[in-house]
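# Geometric and topological summary
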Amino acid sequence: MLKTKSNKQWPPTCSAALLHQRAALYQTIRDFFAQRGVLEVDTPVLSAAASCDVNLDSFSTQLASNGLNQQALYLQTSPEFAMKRLIASGSGCIYQIAKSFRQAESGRFHNPEFTLLEWYRMGFSLADLMQEMLELLNLAFNQNLASITVSYETLFKHMTGINPHKTSLNELTAYATEQGNPEAKLICGDSLSNTLDYVFSQYIQTKLKKEVLYFVTDYPACMAMLAKLSDSQPVTAKRFEVYYNNLELANGYEELSDSTVQKQRFQQELAEREKQGATKVPMDENLVAALEYGLPECAGVALGLDRLLMLTSNAHSIDEVLSFPIDRA
Amino acid sequence: MATYSTNDFKGGLKIMMDNDPCSIVENEFVRPGKGPAFSRVKYRNLKTGRVIDRTFKSGETVEAADVMETEMSYLYNDGDFWHFMDDETFEQVSGDAIAVGDAAKWLKEQDKCIITLWNGSPLSVAAPNFVELTITDTDPGLKGDTSGGGGKPATLETGAVVRVPLFVQIGEVIKVDTRTGEYSARVKS
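Calculation rules
- Residues numbered from 1 in each chain as written.
- Chains lettered and ligands numbered in written order.
- Predicted model: local features only at pLDDT ≥ 70, side-chain atom pairs only at ≥ 80, totals over all residues.
- Helix = DSSP H or I, 4+ residues; strand = E, 2+ residues; numbered from the N terminus.
- Rg over C-alpha atoms; globule rule 2.2 N^0.38 Å.
- Buried ≥ 20, exposed ≤ 12 C-beta atoms within 10 Å, placed from the backbone.
- Contact = placed C-beta atoms within 7 Å.
- Pairing = 2+ DSSP bridges.
- Axes fitted to C-alpha atoms, helices over the stretch in contact; angles between N-to-C directions.
- Domains from an automatic or database assignment.
- Nonpolar A, V, L, I, M, F, W, Y, C, P; charged D, E, K, R; others polar.
- Left-handed = near helix turned anticlockwise from the far one by under 90°.
- Parallel < 35°, antiparallel > 145°, perpendicular 65-115°, else oblique.

## Description of the overall build of chain A
In terms of helices and strands, chain A carries ten helices and eleven strands. Relative to the compact-globule value of 20 Å for 329 residues, chain A shows a C-alpha radius of gyration of 21 Å, a close match. Overall, the C-alpha framework of chain A stretches about 70 × 50 × 50 Å when taken along its three principal axes. The 329 residues of chain A split such that 41% are buried. Intrachain contacts of chain A at a sequence separation of at least 6 include 70% that bridge at least 24 residues.

## Some points on the sheet that holds strand β3 (residues 20-30) of chain B
All names here are of chain B. Reading across from one edge, β2-β3-β4-β5 is the order of the four strands in this open sheet, with antiparallel pairing throughout. Across the chains shown, the open sheet's two edge strands, defined by having one partner strand only, are β2 (14-17) and β5 (51-57). Averaged over neighbouring strand pairs, the angle between their axes works out to 45° when direction is ignored. Sheet topology note: the β3/strand β4 (residues 38-45) ladder contains eight bridges and is antiparallel. The partner of I24 across the bridge, within β4, is Y43.

## Describing the domain arrangement of chain B
Residue and element names in this part refer to chain B. Domain boundaries assigned for chain B yield domain 1 (3-63), domain 2 (67-126) and domain 3 (130-187). At the junction of the two partners, domain 2 supplies five residues and domain 3 supplies seven residues. Here the side of domain 2 that touches domain 3 is built from residues that sort into two nonpolar, no polar and three charged.

## Some points on the packing of helix α1 (residues 16-35) of chain A against helix α3 (residues 126-141) of chain A
All names here are of chain A. For the pair α1 and α3, interaxial distance at closest approach is 10 Å and the crossing angle is 145°. Like other packed secondary-structure pairs, α1 and α3 cross with a definite hand, here right-handed. Judged by residue contacts, L25, T28 and F32 of α1 engage L136, L139 and A140 from α3. In terms of residue class, the contact of α1 with α3 is built from five nonpolar, one polar and no charged.

## Notes on the packing of helix α5 (residues 169-178) of chain A against helix α7 (residues 192-204) of chain A
Residue and element names in this part refer to chain A. Two elements in contact, α5 and α7, have axes separated by 10 Å at closest approach and are oriented at 30°. When the axis of α5 is compared with that of α7, the two are roughly parallel. Every pair of crossing elements has a handedness; the one defined by α5 and α7 is left-handed. On the side of α5, the interface is formed by L169, L172, T173, Y175 and A176, while α7 contributes L192, T195, L196, Y198 and V199.

## Quick notes on the pairing of strand β13 (residues 152-156) of chain B
All names here are of chain B. As defined by bridge partners, strand β12 (residues 130-138) adjoins β13 across three bridges and the pair is classed as antiparallel. In the sheet register, D137 faces β13, and the bridge partner there is T155. Of the pairings in the sheet, the one linking β13 to strand β14 (residues 161-164) comprises four bridges and is antiparallel in character. Bridge pairing in β14 places A154 opposite V162. With antiparallel pairing between neighbouring strands as the criterion, β13 and β14 make up a hairpin whose turn holds four residues, including G159 at a positive phi of roughly 100°.

## Describing helix α2 (residues 80-88) of chain A
All names here are of chain A. Within α2, seven of the nine residues are buried, leaving the element largely enclosed by the surrounding structure. Considered for burial, the residues of α2 that qualify are E80, F81, A82, M83, K84, I87 and A88. Summarising the contacts, the buried residues of α2 are in contact with β5 (94-101), β6 (113-122), α9 (285-293) and β11 (298-304). In the stretch just after α2, G90 is the one whose phi turns positive, near 105°.

## Some remarks on the interface of chain B and chain A
Counting residues at the interface gives 16 residues for chain B and 24 residues for chain A. Taken together, the elements giving at least two residues each to the side of chain B that touches chain A come down to β3 and β5 of chain B. With four residues, the single largest contributor to the side of chain B that touches chain A is β5 of chain B. For the side of chain B that touches chain A, the per-class residue count stands at six nonpolar, four polar and six charged.

## Some points on the sheet that holds strand β10 (residues 112-118) of chain B
Residues and elements named next belong to chain B. Pairing is antiparallel in the open sheet, where five strands are placed in the order β9-β8-β7-β10-β11. Both edges of this open sheet fall to β9 (92-95) and β11 (121-126), since each of them pairs with a single strand only. Neighbour-to-neighbour, the strand axes of this sheet turn through a mean angle of 45°, independent of strand direction. Across five bridges, the pairing between β10 and β11 is antiparallel. Bridge pairing in β11 links I115 to V125.

The following block contains the structure:
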C-alpha cells in the first residue's frame, strides 16, 4: 500500500484572530477614505512595463498567444504607475489596497507577495499627507501615537555626525568600516544613494526610539525616485518615509509630474541596470505619456499593510499576519 | 566544494568564514528604503565560540563547512588526547584539550557525548546533560546537621569539584547537571 506523507503545509500561518484584525483594518481604511471622498480603485497587477529601479526585481510571465511573438508581462512592484495614469485621466483623489510583488524579498519583514495601501491626494503638500497618514495610523493603532517629524539631514547628522547632502562615497564607506562593516562597499557598489540607504538602515533605523512614529522628510536629491525636487538649497527630494519600532512602514512623494524628467530618471535607472547586469525591462511609456498629457499637482504614499498588522498585533514575523506566506502559497 | 547563497541562510547552517567553521545564529533579510538588499547575519565561530555580526550582499555565496554533530562514546584519555568511538560504525576519533574543553571534567568511560566534527575531527564535545559520578573526597561534616545551608565541596572521581548537601558522603554516587555544574540528586544504589 502506498503511504502518503502527511502534509503539514496546508493550514494558514496566521491565527483566526488575525484574519479578523485584517478585515477590521480594511474596513477602517474604507470608512476613512469614504468619509473624505477618496475613491477606491482597482488597477491590474499585470503590466506590459516593469519598474526600472535596479533594486527592484519584478516577476515576469508570458501572455499566451498563437503567434510567434509572445508578450512579456510583469507583476507590479506597486500600483503607482497605473494609479498615476488614472489621476492624469481626471480621476481625482484615489486609493487602492493592492497586491504587490517583488522577487527575492523574503524574510521576517518581507514576503514576495504583499499588500500595499496606496493613495493620492490632489493639491496636497507632503505636510498635509503626513497629517492624514498620522490620522489613519491613530485609527489603526486605536491610540494617539507619539510622532516626530524630522529631516533626513538632521537625523543623519545626529546619529552619525555626517551631513548626507555633502558626504562622499569614501566618507560613508569609511564610516561603515569603522562600525565593523567593511563589506558595505561590496554591497552598495559605487552608488552614493545605495550607501546612504545602507548606513541609514544599519546605524540609524535600528536606533530610532520605540513606540514613536517617525516621519523622515527631505531626502537627498540622489534618492528622489518619483518625487519632486525642492527649489531650496541644498536641493532635496520632496519625499518622506514613516518608521515605527524600527520598521519602515510607508514611503510618500510630492509626485513628479514633469514627463521629461521622469523619462530621464527611467533612462538613468535602465542604464544602471545594464551596468549591474540586471534583467532588461521595458520602461512604462504609458506613464510617461500620461505625464505628458498632464498630472495634476498631487502627493501620494504607499503603506505596507502586512507590516502595519505586524505592529498592531505585536507579531514577530510577517508569517504571523499572512494566511499563506510564499512557502505555503 | 559546496556553497550556500544568502537565500539558504538560516539558524544552524554551518559555513566557512575567515577559514574557520561557523554556525549561523540569526539571519535577517534587509531592504533599506529603496537601496540594495542585504542580509544581516549573526554567526558563531565554532572554534572560538565568538559571535560575530556581519552583513552580506543578497545572493552572495559562502563555502559550506563540513560540520556534523554525532553521538559517540567516550573511551579513554591517553594524557594528551581524549578518544571517542561511534557505537554503530566503531570508527574512532580523538580530540585535544581545546576541543574537549569543559566536558573533560565530567567524562567517564562509556559516557555518550555529542561530538561536533569538522572535516572528521572533533571541534567540540558536549558532555551528557546529566552524569552520575562517585564522590572520592568530601568533608565528613557534623552528624545530624541537615540544615543544608550552602553545603560543602566534594571531589568526584573525574576530578571535578561540586558543592553537595552536608549529608552526602564519600563513596556515594550523585547526579550532576553538567550545564550548570551543580549537584542535582543522590543516586540510590
